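Results of the structural survey
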Amino acid sequence: MNHFLDIHKTDPDALEAMIAAADRMKAARGDRPRGAPDDEQPLAGRMVALIFEKPSTRTRVSFDVGVRQMGGQSMILSGTDMQLGHGETISDTARVLSRYVDLIMIRTFDESVLAELADHATVPVINGLTDRSHPCQIMADILTFRELRGPIAGRKVVWSGDGNNVCASFLHAAAQFGFDLTFTGPVQLDPEAEFVGLARKAGRTVEIDRDPARAVAGADLVVTDTWVSMHDSQSNRERRHNMLRPYQVNAALMEAAGPQALFMHCLPAHRGEEVTSEVMDGPQSVVFDEAENRLHAQKAIMRWCLDV
Ligand code: CP
Ligand code: NVA
């Protein structure tokens, strides 16, 4: 079963093939209207369930549009509206949904929910974000980098800020796509040691540097994300902001990186917090290309899952 649960759990050749397929499908669409179908309709007759236990704009809309462009049908389900949110077990939910739909995408809190769903579903399951990772986002980011700069293998990516779920998927991708990663942020918010170890074991250089200006020097890509994720307690907000303020991506930091560096953010961004508007709207920012590429990358992921 082709579940898409995490980048480090997916074969590197399959990942490369998905990026190439996304690129090909994006080019094939040209500039036709968003609602127009693709020439190829690999999801014709297929039903996709999109389950959200947390808010979403990009993931929700890009999956829904992607399914429709490929000729399939989708239903968006909120976790709280399902019996899942009222005590029905995940394994029973998995078995029931597998009788109705061909593919399940879920955004949830603890990754054990995703794992249990995948264990008991008889259809493929896609990780649409957990507290611990966000693989679909990083597939879109790899596609975006490749379009603008060529393959990401051997490049230097710098993560500035909270070593969160999106940072984790970058570490997984460093191992699988062969790039180096420097983390700069406060020690309390370091990425998980297990994921740092995984990238290092794959032969990649992973550095941790508390000095953001030194860390970004010569970067091909600078990335940040919100200082307070959906799973973080709001009661720590002030403390997190104080710790993370030195790691804001602003014009001075992008200048320290150099003109070759691209800037990425998975969005939603909090302008004036982790990133300034000057950077978000500046010449190095590719944040809206990333957002668009969620659509193309996920179409390729869904095709891989269904082998169509
Ligand atoms: N980047 C991302 O996953 O955005 P949403 O939370 O809007 O889906
Ligand atoms: N780290 C963020 C990503 C949102 C797409 C969160 O988990 O809230």
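Going by the structure above, here's the rest.
Anyway, here's the lowdown on the structure attached to this text.

Procedures and definitions
Residues numbered from 1 in each chain as written. Chains lettered and ligands numbered in written order. Predicted model: local features only at pLDDT ≥ 70, side-chain atom pairs only at ≥ 80, totals over all residues. Heavy atoms only, no water. Helix = DSSP H or I, 4+ residues; strand = E, 2+ residues; numbered from the N terminus. Core = buried A, V, L, I, M, F, W, Y, C linked by side-chain atoms within 4.5 Å. Buried < 20%, exposed > 50% of the residue type's maximum accessible area, 1.4 Å probe, protein only. Near = heavy atom within 4 Å. Polar contact = N/O pair within 3.5 Å; in protein donor to acceptor, adjacent residues only side chain to side chain. Areas by Shrake-Rupley, 256 points an atom, 1.4 Å probe, with all protein chains shown as cover. Nonpolar A, V, L, I, M, F, W, Y, C, P; charged D, E, K, R; others polar. Pairing = 2+ DSSP bridges. Axes fitted to C-alpha atoms, helices over the stretch in contact; angles between N-to-C directions.

1. As for the environment of P283
One can find P283 in the loop between α11 (277-280) and α12 (287-306). The sequence separation of P283 and P259 amounts to 24 residues, and the corresponding C-alpha distance is 9.2 Å.

2. Here we look at the nonpolar core
Generally speaking, a soluble globular protein has its nonpolar side chains buried in company with each other. Ranked by size, the top nonpolar core spans 56 residues in total, and within it F4, I126, M139, F170, F177 and F179 carry the most contacts. Counting residues per element, this core draws most heavily on helix α6 (residues 165-177), which supplies eight residues. In this structure, A49, I90, I104 and V113 belong to the second largest nonpolar core, which totals 19 residues.

3. Re the site of ligand 2
Near ligand 2 you find L129, N164, N165, V166, D225, T226, S229, M230, C266 and L267, and these make up its full shell. Between ligand 2 and the protein, one listed contact pairs an oxygen atom with a side-chain N or O atom of N165 at 2.8 Å. In this structure, D225 approaches ligand 2 through a side-chain N or O atom, which is 2.7 Å from a nitrogen atom. When the free accessible area of ligand 2 is taken as 270 Å², the share hidden by the protein chains comes to 95%. Tallied by class, the residues present in the shell around ligand 2 amount to five nonpolar, four polar and one charged.

4. Re the site of ligand 1
The environment of ligand 1 is formed by S56, T57, R58, T59, R107, H134, Q137, C266, L267 and R294. Within the contact set of ligand 1, an oxygen atom lies 2.8 Å away from a side-chain nitrogen or oxygen of R107. Protein burial of ligand 1: of its 250 Å² of free accessible surface, 95% is covered by the chains.

5. Re the sheet that holds strand β3 (residues 103-107)
In any sheet, the strands associate via hydrogen bonds between backbone groups, in a parallel or an antiparallel arrangement. Read across the open sheet, the four strands follow the order β2-β1-β3-β4; overall the sheet is parallel. Unpaired on one side and paired on the other, β2 (73-78) and β4 (125-127) mark the two borders of the sheet. Put simply, the sheet's adjacent strands are angled 20° from each other on average, direction ignored. Relative to β3, strand β1 (residues 47-52) is paired through five bridges, and the arrangement is parallel. Counted as the bridge partner of L50 is M105 from β3.

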